[in-house]
Amino acid sequence: MRSIVAVTSDYGIGLDGRLLTHISSDLKRFKEITLGGAVIYGRKTLETYPKQKALLGRVNLMLTRNRELSEPNIKTVDSLDALFVEIDALRRRGFSGDDLFVIGGAEIYEQLHPFVNEVLITRIDEQFEADRHFPNLDQDPDFVRTDVSDWYVEKGVRFRYETWRRVVDQVTLEATLKKDRLALARRNVAEFSQAGTVKKRLEILEDWVQKDGRFVYQLRSGEDVFGFLLFAPEVLGADTATVVLHSDLSLTKNALGTIFETLFAEHQALYSLLLATDERVLIDADLLPGIHTATLPGIDSTSRLIIGTRSDLARGAVGFFPFELGLVALKSDGQALTEVEFLQLGQRVEDSVFKMALKVAGALNKQNGLKKTVDTPFSSSNRPDEPLQLAFDWLTAYFEKKSELPPLPPLSDQALPPFMTKVLDALKDIPYGEHLTYSELAETLVGRKKANDYARAVGQACAANPYALFIPCHRVIGNRGELVGFSGGIQVKDYLLNLELMTRLSRRPK
Ligand SMILES: NC(=O)c1ccc[n+]([C@@H]2O[C@H](COP(=O)([O-])OP(=O)(O)OC[C@H]3O[C@@H](n4cnc5c(N)ncnc54)[C@H](OP(=O)(O)O)[C@@H]3O)[C@@H](O)[C@H]2O)c1
C-alpha cells in the first residue's frame, strides 16, 4: 500500500478542511499515478473534492463510521477491518499493493501508516500554516528517502517529488516448512502479497505449511511478517537451485546479508554451490524492493545469475585430485581437511557438495555417475585454500611415487568415537608400502588376548575413516589377506597397496 500526499517542510497537509495549496501539475501527476488503482480516503477528504464526488477511473474506498452514508461509485467502509476485507477482494481481482493508494486525510494517513510501504511525497518548500499533518518521516527510522526530483516552481510555489520506502535492516528468517511442490508455493506468492494484515499473512503461511513448498522462510522484522523466501535446495542436485525472495519492504544490504548468511548456514550445499562458481555480487543496490527472483547457476552454464555471493562468508571449499581410477575428493573448512573420499569412474556421487561441484565441472553423467576425471587438480573456489593446496602437493608426491612425501595436510580434529580415534592413531604408524592385519592392529590397541574380538571393530573404524589415504587404512588387510574395510572400495585399496609395494620394490638397492 502506498500513501500519496503533498506536505510542507514540516509535514503540514491541510488547514480548515482544505488543501494548503493547489499545484495543478501535481494534481495532474496524482491523477496519472492513481488512475486504474484504488484510492482510500476519509469522509472529510471527500468533502474537499469538486462536488464531493468519487474520483473517476479509480476504485473509491471511503472510511466513515456513518453507516447510513452512501455515495455513487464509492464503497464506504466503517472500520479498518472492513477496509481490509475490501482490499483482499481487490487483490483477488489482481490489484497489487502498489495499486492501493492512501490519499488522506490526516486521520487516515495516520491509521494506515503501519501498513504503508511507500510514500510518494510532493514536498512544498513553504511553511504554510496547517492544522492537519502527515506522520513525520524524517523522524521515522523505518523509512528512507529513495528518490528525489529536482525542484520545480509553479505560481511562485517551489516543490519537488520524493519517494520514501519502508526499509528493514534487522531481519530474522524463520523456517516454516519442508515439503515438495515448489510450483504450488510459487503460485501462492501472489496470494501472499495480496494479504492485507499480518494475521492474514500468517494464516496463509500456515496454510502453506500444510500443503506446499520446499523450504519456506518467513521474513520477520520483530513480530511482523513482511515477506518470505522460497528455497529449493534439492534442485541443487538436479539442474538449478531457485531462491524466490518476496518482500513487501525494501531490504538494506545488511538485511540481505542476514538472509543469505542464514541460508548458507543452514544449507551447506547452497554455499558450496556458490563457491563452485565465479564470485559475483548480483545485488549491489542499497535497497531491494519488491520481488526478486534469481536462479543459481545452471549446470551447463556458469554465466547465469548468482544470488548474493559473498566472499566474506567463505568458510571452505571442495577439491578434486585425479588419479588412475578416478578422483580423490576433498573438503576443507579453510583451516583443515574435513573429509576425503575416493570417487571411481562410473560411481554414483552421493555427497551433495561433491555432486554439485562436479556437475558444474561437467564431470557427471545424467545418473550423477562420474563420467570423466579431470586433467589437473581443481577446487571449487577460485584458488585452492591452504589445506587443499597442501593436500594436492601431498597427493602429487604420493601418486608420482616420490621417495619423500611432504608433510600431511592438516586434518580437522572433528569429534570421532574414542575407539575410532585410537584406531586412526595406530594406522598413522604403519609405514608406506607395509601392511598389518586387522587382528595385528587390534593387538597393538587391546593386547593379544582380545585382539581377535576387536578385529571386526578395527575393520569398521577403517571403513568409516574420514581421511582415506592420509590416514592409511588401506594398509590394513584381512587375516587371510582379503581386501576389505576400506571406504574407497576394494579396487582402490588394491591399487594403492600395489602402487606402494611396486614403489618400494623399485627403490630397493640392487
Ligand atoms: N495535502 C494532502 O495531500 C491532503 C490529502 C488529503 C486530505 N488533505 C487534507 O486533510 C484534511 C482532512 O483530514 P482529516 O484528518 O480532517 O479527515 P479525513 O482523514 O479525511 O477523514 C476523517 C474521517 O474519516 C472517517 N474515519 C476515520 N477513521 C476511521 C475509521 N477507523 N473507521 C471508519 N471511519 C473512519 C471518519 O468519518 P465520519 O466522521 O464520517 O465517521 C472521520 O471523521 C483536509 O484539510 C484536507 O484538505 C490533504
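Values in this document were obtained by computation on a predicted structure and should not be read as measured data.

What counts, and where the lines are drawn
- Residues numbered from 1 in each chain as written.
- Predicted model: local features only at pLDDT ≥ 70, side-chain atom pairs only at ≥ 80, totals over all residues.
- Axes fitted to C-alpha atoms, helices over the stretch in contact; angles between N-to-C directions.
- Helix = DSSP H or I, 4+ residues; strand = E, 2+ residues; numbered from the N terminus.
- Parallel < 35°, antiparallel > 145°, perpendicular 65-115°, else oblique.
- Left-handed = near helix turned anticlockwise from the far one by under 90°.
- Contact = placed C-beta atoms within 7 Å.
- Nonpolar A, V, L, I, M, F, W, Y, C, P; charged D, E, K, R; others polar.
- Buried ≥ 20, exposed ≤ 12 C-beta atoms within 10 Å, placed from the backbone.
- Pairing = 2+ DSSP bridges.
- Near = placed C-beta within 6 Å.

Colleague: Please explain the packing of helix H11 (residues 418-428) against helix H12 (residues 438-446) as it appears in this structure.
Modeller: Two quantities define a packed helix pair, namely the angle between the helix axes and the distance between the axes. Contact geometry for H11 and H12: axes closest at 10 Å, N-to-C directions at 110 degrees. Judged on the interaxial angle alone, H12 and H11 are roughly perpendicular. Where H11 crosses over H12, the handedness of that crossing is right-handed. Counted together, Lys-422, Val-423 and Ala-426 of H11 and Leu-441, Thr-444 and Leu-445 of H12 form the full contact between these two elements. Along the lines of polarity and charge, the residues of the contact of H11 with H12 split into four nonpolar, one polar and one charged.

Colleague: Sorry, what's going on with unusual backbone geometry here?
Modeller: Where the residue is not glycine, phi is negative for most of them; where a peptide bond is considered, it is trans in most cases. With an omega of -5 degrees, the peptide bond between Gly-104 and Gly-105 qualifies as cis. Relative to the elements of secondary structure, Gly-105 occurs in the loop between strand E7 (100-102) and helix H4 (106-112). The phi angle at Asp-16 is positive, at roughly 55 degrees, despite the residue not being glycine. If you trace the backbone, Asp-16 turns up in the loop between strand E2 (12-15) and strand E3 (18-19). The exposed category is assigned to Asp-16, around which 8 C-beta atoms lie within 10 Å. Even without being glycine, Lys-155 reaches a positive phi, approximately 45 degrees. Tracing the backbone through its elements, the reader meets Lys-155 in the loop between strand E11 (152-154) and strand E12 (157-168). Lys-155 gets classed as exposed once you count the C-beta atoms within 10 Å, which come to 8.

Colleague: What's the story with the sheet that holds strand E9 (residues 132-133) in this structure? I'm lost.
Modeller: What links the strands of a sheet is backbone hydrogen bonding, and the strands pair in either a parallel or an antiparallel sense. With antiparallel pairing, the three strands of this open sheet are ordered in space as E3-E2-E9. Edge positions in the open sheet fall to E3 and E9, since each of these has one partner strand only. Looking at chain direction, E2 and E3 are connected through two bridges and run antiparallel. Bridging across to E3, Leu-15 finds its partner in Arg-18.

Colleague: Just to check I follow, could you spell out the site of the ligand for this structure?
Modeller: Taken together, 28 residues surround the ligand, and among them Gly-14, Gly-42, Thr-45, Gly-104 and Gly-105 come closest. Secondary structure elements with two or more residues in the shell around the ligand: strand E1 (2-8), E2, E3, strand E4 (38-42), helix H2 (43-46) and H4. The leading source of residues in the shell around the ligand is H4, at four residues. Here the residues of the shell around the ligand sort into ten nonpolar, eleven polar and seven charged.

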